[in-house]
Amino acid sequence: MGGGQRRSDERGGVPAPPPQFPDPPVVRSERIYDSSWCGLRRDILRLDDGREQEYHVIEIPDAIVAVPVTREGRIVLIGQYRYPHGKTHWEVPAGRISGGEDPEQAARRETREETGYEPGRMVALPGFYPANGITAHWAHAFVALDCVEAGAPELDPSERIVVRTFSREEVEALLDAGELADAFTALCLCYFLRGLADRGA
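Keep in mind that what you see is a predicted model, and the values were worked out from it rather than measured. For every chain, the first residue of its written sequence is number 1, and the numbers climb from 1 along that sequence. Owing to the predicted nature of the model, reporting of local features is limited to residues with pLDDT of at least 70; listing and counting of side-chain atom pairs is limited to 80 or more, with chain, interface and lining totals taken over all residues. Only heavy atoms go into the side-chain values, all of them from the structure, while hydrogens and water stay out.

### Some points on the overall build of the protein chain
On a plain count of helices and strands, the protein chain comes out with four helices and eleven strands. Counting only C-alpha atoms and orienting by the principal axes, one finds that the protein chain spans roughly 60 × 45 × 35 Å. Relative to its full complement of 201 residues, the protein chain shows a buried share of 33%. A separation of at least 24 residues holds for 55% of the contacts in the protein chain among residues at least 6 apart in sequence. What sets the accessible areas is the Shrake-Rupley method with a 1.4 Å probe; for residues, cover comes only from the shown protein chains. Split by element, the accessible area of the protein chain, about 12,400 Å² in all, is 51% carbon and sulfur. If the 23 positive side-chain charges of the protein chain are averaged to one point and the 33 negative ones to another, these points end up 3 Å apart. Put simply, DSSP marks the helices as runs of H or I at least four residues long and the strands as runs of E at least two long, and each gets a number from the N terminus on. Type-normalised accessible area, obtained with a 1.4 Å probe on protein chains alone, sets the label of each residue: buried when under 20%, exposed when over 50%, and partly exposed for intermediate values. Note on contacts: a residue pair is in contact if any heavy atoms of the two residues lie within 4.5 Å. Counted as positive: Lys and Arg. Counted as negative: Asp and Glu, with His and the chain ends omitted from the count. Here the site of a charge means NZ on Lys, CZ on Arg, CG on Asp, or CD on Glu.

### With respect to the sheet that holds strand S1 (residues 26–34)
In this scheme, strands are said to pair when DSSP sees at least two bridges between them. Read from one edge to the other, the open sheet built from three strands follows the order S1-S2-S3, with strand pairing classed as antiparallel. Edge positions in the sheet fall to S1 and strand S3 (52–59), since each of these pairs with one other strand and no more. The average undirected angle you get between the axes of adjacent strands in this sheet is 20°. Alignment of S1 against strand S2 (residues 39–46), held across seven bridges, turns out to be antiparallel. The partner of Val26 across the bridge, within S2, is Leu45. Working convention: axes come from line fits to C-alpha atoms, limited for helices to the stretch in contact. Angles between N-to-C directions cover 0 to 180 degrees.

### Here's the deal with the pattern of salt bridges
Salt bridge, as used here, is a side-chain nitrogen of Lys or Arg placed within 4 Å of a carboxyl oxygen of Asp or Glu. Inspection of every chain in the model, using the stated rule, returns 19 salt bridges. Here Asp34 makes a salt bridge to Arg31, at a shortest N to O gap of 2.6 Å. A relative accessible area of 44% means that Arg31 is categorised as partly exposed. Ionic pairing is found between Arg109 and Glu101, a salt bridge with its closest N-O pair at 2.6 Å. Salt bridges sharing partners connect three or more residues here, namely Arg31, Asp34, Arg41, Asp43 and Glu59.

Functional significance is not addressed by these values, which are geometric in nature.
Laid out in structure tokens, this is it:
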């Protein structure tokens, strides 16, 4: 098939994914670091030409991300301080899945804890790999619809968060201006604003 040709699968004209490459053989693997938060391993891979190549893989438990929307249609964002780069910017709630939780339960909990809003209906958005060049970490995404204020946020000691609601137009303006630098937030808001939650409702 020529480079200018396109293939489509059976999903209403959506282009097909690329062909799957086989995994390279792993010559050996070693643990570099482990904690309750993440792990790091060093794999030595055998390349097609016979050479060996090292690859560092960060191991992070799967996470959730949720776009909270009130009954009035306003979008709830949190202004969160992030220590690695020292900046505070607008985000949607996100966090890890705790033991015994399914992704939807985790999304409900994180929304309540970080915003003080209790979700009504949860609608799944497409999940994604946030940094698949270095980790297989997967994010389960949702829209939390019909949110109502249920009290103050329940924050961890290290969390610095303010909560604010925005109109759809304000969120679109933030996206258009490149002001939503958190990838979880920008991608999920784009999915939501394109109506993917309506298709899954």
